[in-house]
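# What the coordinates show
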Amino acid sequence: SQIAAGERERRLRAEERARRWRTATLCLTSLALGIYGIKVLAVWAIGDIQGCYDELAMLIERLGFDPARDTLWFCGDLVNRGPDSLGVLRRLIRYGNSARCLLGNHDLHLLAVAHGVAPLKKKDKLQALMEAPDRDELLEWLRHRPLLAEHPDLPIMMIHAGLSPAWDAHTARS
């Protein structure tokens, strides 16, 4: 049927985008620590989800992510270009402390639109999120995400789109 063919095509496009994320577009880093070959902790850094819920779900499944053991670090741009920013935010919030999320320029744009500081752009795909019954809670959660994060035990600092060459780590923290 047309619906099945459309769903199959959508799934193939999502798989292709996920494959591209893994190989080039997505900044994906695994820092797996092991004792006697047993994985005890994994920290995954993922960038620019941009509202692509299906691709995020496939990627997390392929990682074998276990929220009780692993941590996902999201390097900003959680929302906008993809079709399901609402689903992305809801999923990340459910992970609690197992997901460390930073703000990117698309996230800041959403907050500016929500607070009447900036208009929606023609290419924005934020309408479902803006009309969601839990909109205020989602925006409040997003508003409290940092611009910079550091791992408490590993020498890792994460920031969306890089650190200005004029700044050092100390300046960025302040």
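Residues numbered from 1 in each chain as written. Predicted model: local features only at pLDDT ≥ 70, side-chain atom pairs only at ≥ 80, totals over all residues. Heavy atoms only, no water.

## Focus on the nonpolar core
The nonpolar side chains of a soluble globular protein tend to be buried, and buried together. Using the following cut-off: Here, nonpolar core refers to any group of buried Ala, Val, Leu, Ile, Met, Phe, Trp, Tyr and Cys residues whose side-chain atoms link them within 4.5 Å. Note on classification: 1.4 Å probe, protein chains only; a residue is buried when its accessible area is under 20% of the maximum for its type, exposed when over 50%, partly exposed between these limits. Only DSSP runs of H or I reaching four residues or more are called helices, and only runs of E reaching two or more are called strands; each is numbered from the N terminus. A contact between two residues is defined here by any heavy atoms of the two lying within 4.5 Å.
Counting 33 residues, the largest nonpolar core has Leu-72, Phe-74, Leu-78 and Leu-92 as the members making the most contacts within it. Among the elements of the structure, strand S2 (38–46), helix H2 (53–63), strand S3 (71–74), helix H3 (85–94), strand S4 (99–101), helix H4 (105–114), helix H5 (127–131) and helix H6 (135–143) are those that each provide at least two residues to this core. Each residue touching Leu-72, except ones within four places of it in the same chain, is listed here: Trp-44, Ile-46, Ile-60, Leu-63, Phe-65, Tyr-95, Ser-98, Ala-99 and Arg-100. Counting 7 residues, the second-largest nonpolar core is a separate cluster that includes Val-43, Trp-73, Cys-75 and Ala-149.

## Quick notes on H6
Basically, it comes down to this: Comment: arc refers to directions from the helix axis out to C-beta atoms.
Taken together, the buried positions of H6 are occupied by Arg-135, Leu-138, Leu-139, Trp-141 and Leu-142. The buried residues of H6 all sit within an arc of 160° when viewed along its axis, so they share a single face. Residues Asp-136 and Glu-137 are exposed on H6 and point more than 90 degrees away from its buried face. Among the structural elements, H3, S4, H4 and H5 are those in contact with the buried residues of H6.

## Considering the packing of H2 against H3
Inclusion rule: Axis geometry follows a simple rule: fit a line to the C-alpha atoms, using only the stretch in contact for helices, then measure angles between N-to-C directions, giving values from 0 to 180 degrees. Crossings are assigned a handedness: left-handed for a near helix turned anticlockwise from the far helix by less than a right angle, right-handed for a clockwise turn. Ten residues, namely Ala, Val, Leu, Ile, Met, Phe, Trp, Tyr, Cys and Pro, are considered nonpolar, four, namely Asp, Glu, Lys and Arg, are considered charged, and the remaining ones, Gly among them, are considered polar.
In contact at an axis separation of 9 Å, H2 and H3 are set at 35° when each is read in the N-to-C sense. Crossing handedness for the pair H2 and H3: left-handed. Seen from H2, the contacting residues are Tyr-53, Leu-56, Ala-57 and Ile-60; seen from H3, they are Gly-87, Val-88, Arg-91, Leu-92 and Arg-94. Residue composition of the contact of H2 with H3, grouped by class: 6 nonpolar, 1 polar and 2 charged.

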